[in-house]
4 protein chains.
Amino acid sequence: MIPRYSLPEFTELWSDCTRYGIWLEVELAGCDAMEQAGLVPRGTADKLRAMKLELDPARIEEIERTTRHDVIAFLTHVEQLAGEPARWLHRGMTSSDVLDTSLGVQLVRVCELLLKQCDRLIQALSRRAAEHVATPMIGRSHGIHAEPVTFGVVLAGHLVEIKRGKQRLERAKQEIAVGKLAGAVGTYAHLAPQIEARALASLGLMPETVATQVVARDRHAAFAAALALLAAGIERLATNVRHWQRTEVGEAEERFARGQKGSSAMPHKRNPILSENLCGLARVVRSCLAPALENVALWHERDISHSSAERMFLPDATSTLGFMLERAAGIVEGLVVYAERMRQNLDRSGGLFFSEGVMLALIGKGVARQHAYEMVQRSAMRSFEGGGRFQDLLAADPELGTLLAPEELARCFDLEHALRWAKEIVDRAIQQ
Amino acid sequence: MIPRYSLPEFTELWSDCTRYGIWLEVELAGCDAMEQAGLVPRGTADKLRAMKLELDPARIEEIERTTRHDVIAFLTHVEQLAGEPARWLHRGMTSSDVLDTSLGVQLVRVCELLLKQCDRLIQALSRRAAEHVATPMIGRSHGIHAEPVTFGVVLAGHLVEIKRGKQRLERAKQEIAVGKLAGAVGTYAHLAPQIEARALASLGLMPETVATQVVARDRHAAFAAALALLAAGIERLATNVRHWQRTEVGEAEERFARGQKGSSAMPHKRNPILSENLCGLARVVRSCLAPALENVALWHERDISHSSAERMFLPDATSTLGFMLERAAGIVEGLVVYAERMRQNLDRSGGLFFSEGVMLALIGKGVARQHAYEMVQRSAMRSFEGGGRFQDLLAADPELGTLLAPEELARCFDLEHALRWAKEIVDRAIQQ
Amino acid sequence: MIPRYSLPEFTELWSDCTRYGIWLEVELAGCDAMEQAGLVPRGTADKLRAMKLELDPARIEEIERTTRHDVIAFLTHVEQLAGEPARWLHRGMTSSDVLDTSLGVQLVRVCELLLKQCDRLIQALSRRAAEHVATPMIGRSHGIHAEPVTFGVVLAGHLVEIKRGKQRLERAKQEIAVGKLAGAVGTYAHLAPQIEARALASLGLMPETVATQVVARDRHAAFAAALALLAAGIERLATNVRHWQRTEVGEAEERFARGQKGSSAMPHKRNPILSENLCGLARVVRSCLAPALENVALWHERDISHSSAERMFLPDATSTLGFMLERAAGIVEGLVVYAERMRQNLDRSGGLFFSEGVMLALIGKGVARQHAYEMVQRSAMRSFEGGGRFQDLLAADPELGTLLAPEELARCFDLEHALRWAKEIVDRAIQQ
Amino acid sequence: MIPRYSLPEFTELWSDCTRYGIWLEVELAGCDAMEQAGLVPRGTADKLRAMKLELDPARIEEIERTTRHDVIAFLTHVEQLAGEPARWLHRGMTSSDVLDTSLGVQLVRVCELLLKQCDRLIQALSRRAAEHVATPMIGRSHGIHAEPVTFGVVLAGHLVEIKRGKQRLERAKQEIAVGKLAGAVGTYAHLAPQIEARALASLGLMPETVATQVVARDRHAAFAAALALLAAGIERLATNVRHWQRTEVGEAEERFARGQKGSSAMPHKRNPILSENLCGLARVVRSCLAPALENVALWHERDISHSSAERMFLPDATSTLGFMLERAAGIVEGLVVYAERMRQNLDRSGGLFFSEGVMLALIGKGVARQHAYEMVQRSAMRSFEGGGRFQDLLAADPELGTLLAPEELARCFDLEHALRWAKEIVDRAIQQ
């Protein structure tokens, strides 16, 4: 989580200040529930809320240097600020009751930020897909010209991938919207399931089904997987932008800002640096999944090995992904599309991509598939090697001439027919 | 996917023979749909089905050595076997229509095998959790004795983790139950969405929302994530078995088969080798997620880089996980539980784990939290360092004596009270 | 390790037959050394060697089904075949003495196979780099035309990367050329360092400095890292081949075999499938590093979790890399280079890439860097947007005209001058 | 790279301030070399050095917001500060000449910091290994008691693993001590190899053999591998500390600081939290290897995708590893060793671990290995299941009694004999 790749709302959410604030919220939610259960004097939580305590992260860290225990340091600080009523906080709870419940709250909030960013990217892709639903473009497999598509269909493919990514994130949010107030080893020794349920409900969380000292870490790993999958989807989009912007392709380009410089040495360069940047960041987000998965197998009722790793990868992966989503939306919104160049590229193969249609027409006439394939391939290869226009070579092929009439051959070379389903595909993607 | 770690049904499912058989199913499903659309003569598929073609993998590979293209080799072989009607197969389709649809069928089937294995593990965990719902055991955090749990609660924690893993796999199955008959670049140039929908429905699949040449690879990555998460859950279980079986702990043990030898050098050894084996295999399954995620960002309408990786990691990850699930179920079913040893270990700390209860009782008497903590800690530390029984030291503490009556202190040391919620927790886990 | 991506010599090396054969070699080497130490009757090993035992993997596995211990099964089989003298084998040794020493032997041999494959790739790259030392090509950064290079220089870059990869593999070979005959927990309880040293020397290995029950697994992880790095180097080469072969670039192409078919639907297609295949396989080889690193932290004097993972990833990673090296060499050897097309691509920017030279000439005349940059950029941008030939626009720029004489401007546009160091670079790469 | 897990010298090294300072060093080194080559007026670099420019990171970032190019922003800032002589900087260079050369300088420095930390850990391990060379301890395989070792031997195993890790880091330092001044695409178009060699030599670097626009990224991946391997070695050490400190084992313990609190709920707890923390951080450091390896396959003469990833993982991995090394050294230095407890644990199996010695003695008497194994196992199993002292049961075995005299049996149970090589092993480890 570095300033360069973090949006302010993520920086804020992962700040010490926010974290300690949520710890207090959790302690107070627990206190409320214990008041109702008669374990703590009525009104304690409200009394503390009314104090509007100003927590001082620096002071907490100072205490922690002695206690070497963050929650004890926090509680000491709160007691120093609030006096007597604070002694009722944390009753029967273990540190992880606070830490993991707070983490649940924080992750739910970070999910909400991410989902909002998803929406912006989804809207951008929807709008541009609709805009280019009928803009023809050569489809490429293996980087080689294949058959025509439209640019709208291509963007629609990215659109549904991001939508799937968003759906996975929503499910991951449910998995992670979990806390615990089950005490030292999850047995409610000094608490009760009802107290936990009430406290967590007020925080928007569900209780962990069977807690150990902590919430189970497969939930966090599932969350990390959802982040990684979204990052991978953005990476595919960014990779394609980079391809479209290649000098020889030139079909679309990141918007080049005024004053921006492409190179310190080459003044004319316009590089797809935002998209390249996204590819690099996707590697970072994806890499967070490995420690998240290794964190699952904690020993017995828990060990604390997950904690240091999570302190690093959770802020990193979420804020970097937030940044990626915003940047991707900006790229799509601003993408300069060169429809004419797409058309030029499409035309450069002289219609070779219609070969399949010709082959099918031949099969329709009763020619065996392999024979039809070879008949078409000989003209295709000659044309590909510069021996003439594909349609002309086919027309001149004596064997083929006996099978397909000129009009039949011409019908195979109709671009609009080839793209007749584009609108349905794009609509399906937008409406889904 | 090595024989040592593969169950026969997985080996069978990933065999060449099965794969080519599914390719034929897919071609025939496509043929049926095209017959209904009037693109292929009625009865073609049935004619081919009636032939009961015996595909010969070796022959297909031989042809592939020339064509360097597996689907063309397959079609050539089918045409050689079946003659004229086979020429209608694959009409308007691209290789990936066959390959990715077949892969969808195969992955659905492999999911079904895995889900069945999940059920066996879930049943084993449920049964053993119920059996030991009231078997006391010391809970451990950081590997250090904490407060008591029951062995049933511990198993229930593993149970719900595997249930969550199963649920994720079910969702992943839906994501992967997708095929395509959308042609070379996903535009249905020589086909139609209706043909695709009909063909896929007969195979139990949904059409890819927006296909490129292939089904989008974020689906396969999401599937791999579900596998990795399940593997990580099994790893946690296996790690705990290894801990329980440690010489000094000795609370549970893998069943030691007759004739089994622990060591070539040390005849008395009984090692938790099955559980260790699972930990290693979990590393393998988890590692498959990295290539799956890298496969997502295919270029343009596809490149074929994913194919070689999938040929290796899909059989590997699924069959290894299938093996792991079965082995884990066997371990749980046969686990030898030493309840008496659990009780001995529980007792060895002389009730130190009741310290929290004492602290809470003091706080209940109006003592400040930090003061109560320190008051309890001084006796705890003395007892921990061998200075006497914890309860006795507390009773002898002059300050504490003025605050807690002997009966009040005794009440803090009641094991049954500490474990009063165990049954509810285990029931919740089983019924969920 | 699947047949499709394994060379025969790797399949052979990782076969059960080879493995058991090496086990016997190791037992006999140990036996020799113990004979010299007087622990075993003189001549035992030679007697056993003379028997030319034919080990039967199937029989060993049958015994293992009872003993659940592979080395004990092996020894039982040997004793069944050889009778009395076999009882002297394995004296004072632990299973891992055999297993890890054998693995050392096997890994050394697999390294030798890999190094030989490296050499073939290095030779191919050297030859082609020399061939194209002066073939001009546009250099690209960010996929955008930058300044000219030669194709030889580009290949030389790949050449030195593979050479570095080979060097790392040689070092990894040294790290892995290690065995142990130090007994159950590495203390030589029933053996001696001298016996170990002698036995291992005869197998070409060094003793582990401090063994536990096993050879330390950081060695195997370092070995896996060397494999992953080589795979990544091949991936860069393959990625570039894929770029060169893109329809719009068309500068080089994988050799297209007679009879090969690019697509079942599009007869004219020539796809860089071998290079794409390498990119996918690189993902697989790289992914083996994660379990290798997780294997390092074995518990105490060892746990056996590494074993199952190694049974899968060591054959996989090494044989897949062997296949990759051979395939990469074949691609380079057969690469069809279109020098004319390179020249056309180079020319299409109308010499924009000479902008830096012009800028430097202006700075040489005393113009401030930023001012020179802007002066060049305005003509560059106009030319880039189709406003004329770059050199003409510069010549027509009134401000620039006062600073650079026509001959001075012309000198900036000399391609040969720009590439004057190509030969030195390529020579350096080949000779290094 | 978060404050909690970063040492001050690493924070300083990775600060903006340090980075820009090194950029200036590199520009000046280049300037010096160009002065000698006559491309820049003599004395320019010295004039700039004499100005002692105070670079302002905030100002550079402000300019970058317009130019979107960091090096141009930097150069603009320098020119604003220094005026005319600054215009000679960067002549013929590309941004990456500065960036990658600077990164080389920074990585060399960070290596030096890490190597110093390695030394501290190596010294601590050496000292403690020597101290406990003869402290007996039960060796454990599979977590099960095996045969005796000494604690010194165990630490010596960790010692040599860290030494190997340090050696790999030294080699990685050589690989990374590389820069380039080869211009936009590595061809020295406006420079010369001699200028590069001179400039880099003054910075302590070697020239990249064949540069593209950048230094090849396999070097950085090899560097990341060295970091990951060291982290994995520390993880093994930390995992073992966690095992030793387990309640039931209790053989060694992290030093518990005054005022430290083990748990907010359980005052008596002393948890191995520093070691657990190291295990989590090892996961983070290891995970950096994946993006480093994916960064290798940059497109053509480079794309910039590596940059964003490196901005995150290079500071993260290096500073986290620096922190880990220091923490590990502190743990080893302060480790509280309970030799008596080790002895108790050793004794609890009643000498079962001597079974191998007995078996070998029987074989020495001519008994077949399998028969000897079974003879020993029957007493071992009875003793293991509580049926008596192992040595007594063996003595009472009628068959065994006919083979081994009482003195012969007693000799098998001599601990000092079993550990006779410990000193040699530890010495070998320290002196290596």
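Within every chain, residues take consecutive numbers counted from 1 along the sequence as written. Chain labels run from A onward and ligand labels from 1 onward, assigned in the order the entries are written. Owing to the predicted nature of the model, reporting of local features is limited to residues with pLDDT of at least 70; listing and counting of side-chain atom pairs is limited to 80 or more, with chain, interface and lining totals taken over all residues.

1. Some thoughts on the overall build of chain A
By the criteria applied, helices consist of DSSP H or I runs no shorter than four residues and strands consist of E runs no shorter than two, each listed in order from the N terminus. Counting secondary structure elements, chain A contains 20 helices and six strands. This radius of gyration counts C-alpha atoms alone. The globule rule is 2.2 Å times how many residues there are, raised to the power 0.38. Taken over C-alpha atoms, the radius of gyration comes to 30 Å for chain A, far larger than the 22 Å a tight globule of 432 residues would show. With respect to the three principal axes, the spread of C-alpha positions in chain A is 100 × 55 × 35 Å. Whether a residue is buried, exposed or partly exposed follows from its count of other C-beta atoms within 10 Å of its own C-beta, namely 20 or more, 12 or fewer, or something in between, respectively; the C-beta atoms are built from the backbone. Considering chain A as a whole, with its 432 residues, one finds that 64% of them fall into the buried category. Here, residue contact means that the backbone-derived C-beta atoms of the two residues sit within 7 Å. For chain A, the proportion of contacts with a sequence separation of at least 24, taken over those separated by at least 6, is 75%.

2. Section: unusual backbone geometry
With a phi angle near 55°, Arg68 of chain A is a residue other than glycine that sits in the positive phi range. Relative to the helices and strands, Arg68 of chain A is located in the loop between helix H4 (57-67) and helix H5 (70-82).

3. A look at the domain arrangement of chain A
Segmentation of the chain into domains, including their bounds, is taken from an automatic or database domain assignment. You can read the domains of chain A as domain 1 (93-253 + 264-339) and domain 2 (352-412). One C-alpha centre belongs to domain 1 of chain A, the other to domain 2 of chain A; they are set 48 Å apart.

4. Topic: the interface of chain C and chain D
On the chain D side, the residues contacting the 75 residues of chain C number 75 residues. Considering each element in turn, the side of chain C that touches chain D owes the most residues, 13 residues, to helix H9 (residues 218-245) of chain C. Grouping the amino acids of the side of chain C that touches chain D by side-chain chemistry returns 35 nonpolar, 21 polar and 19 charged. Gly is put with the polar residues, along with every residue not named as nonpolar or charged; the nonpolar set is Ala, Val, Leu, Ile, Met, Phe, Trp, Tyr, Cys and Pro, and the charged set is Asp, Glu, Lys and Arg.

5. Examining the interface of chain B and chain A
Taken together, the contacts link 75 residues of chain B with 75 residues of chain A. Of the residues forming the side of chain B that touches chain A, the biggest block, 13 residues, is contributed by helix H9 (residues 218-245) of chain B. Residues of the side of chain B that touches chain A, tallied by class, amount to 35 nonpolar, 21 polar and 19 charged.

6. Looking at the relation of the copies chain C and chain D
Expressed as a screw operation, the relation of chain C to chain D combines 0.0 Å of axial shift with a rotation of 180°, fitting to an RMSD of 0.0 Å. Here the copies are linked by what is in effect a two-fold axis. In terms of C-alpha distance to the rotation axis, chain C has Ala225 of chain C as its closest residue, with the C-alpha 3.2 Å off the axis. When the interface residues of chain C are mapped onto chain D, 100% of them again lie at the interface, so the same face is used by both copies. Copy-to-copy alignment: least squares on C-alpha atoms, limited to residues at pLDDT 70 or above in both.

7. Considerations on helix H10 (residues 273-287) of chain C
Multiplying 1.5 Å by the helix residue count minus one yields the expected span of that helix. Taking 1.5 Å of rise per residue, 15 residues should cover 21 Å, and H10 of chain C covers 21 Å from first to last C-alpha, within 8% of that figure. Where burial is concerned, most of H10 of chain C is hidden: 14 out of the 15 residues are buried.

8. Focus on the relation of the copies chain B and chain A
Rotating chain B by 180° and moving it 0.0 Å along the rotation axis overlays it on chain A with an RMSD of 0.0 Å. Same-surface contact between copies: 100% of interface residues of chain B are shared with the interface of chain A.

9. Section: the pairing of strand E1 (residues 136-141) of chain C
Judged by how many residues are buried, E1 of chain C sits mostly within the fold: six of six residues are covered. Here E1 of chain C hands over to strand E2 (residues 144-150) of chain C after two residues, with His142 of chain C in that stretch at a positive phi of 60°. DSSP calls a pair of strands paired once it identifies at least 2 bridges connecting them.

10. Regarding the packing of H9 of chain C against helix H9 (residues 218-245) of chain D
Two packed helices can be described by the angle between their axes and the distance between those axes. Axis definition: a line fitted to C-alpha atoms, over the contacting stretch in the case of helices. Angles run 0 to 180 degrees between N-to-C directions. The geometry of H9 of chain C relative to H9 of chain D is characterised by a closest axis approach of 10 Å and an angle of 160° between their N-to-C directions. The angle between H9 of chain C and H9 of chain D falls in the class roughly antiparallel. With respect to the hand of their crossing, H9 of chain C and H9 of chain D are arranged in right-handed fashion. Where H9 of chain C approaches H9 of chain D, its residues Asp218, Ala221, Ala222, Ala225, Leu229, Ala232 and Gly233 of chain C are matched on the opposing element by Asp218, Ala221, Ala222, Ala225, Leu229, Ala232 and Gly233 of chain D. Across the contact of H9 of chain C with H9 of chain D, the residue classes break down as 10 nonpolar, two polar and two charged. Roughly parallel here means an angle under 35 degrees, roughly antiparallel means over 145, roughly perpendicular means 65 to 115, and every remaining angle is called oblique. In this scheme the handedness of a crossing depends on how the near helix is turned from the far one: anticlockwise by less than a right angle means left-handed, clockwise means right-handed.

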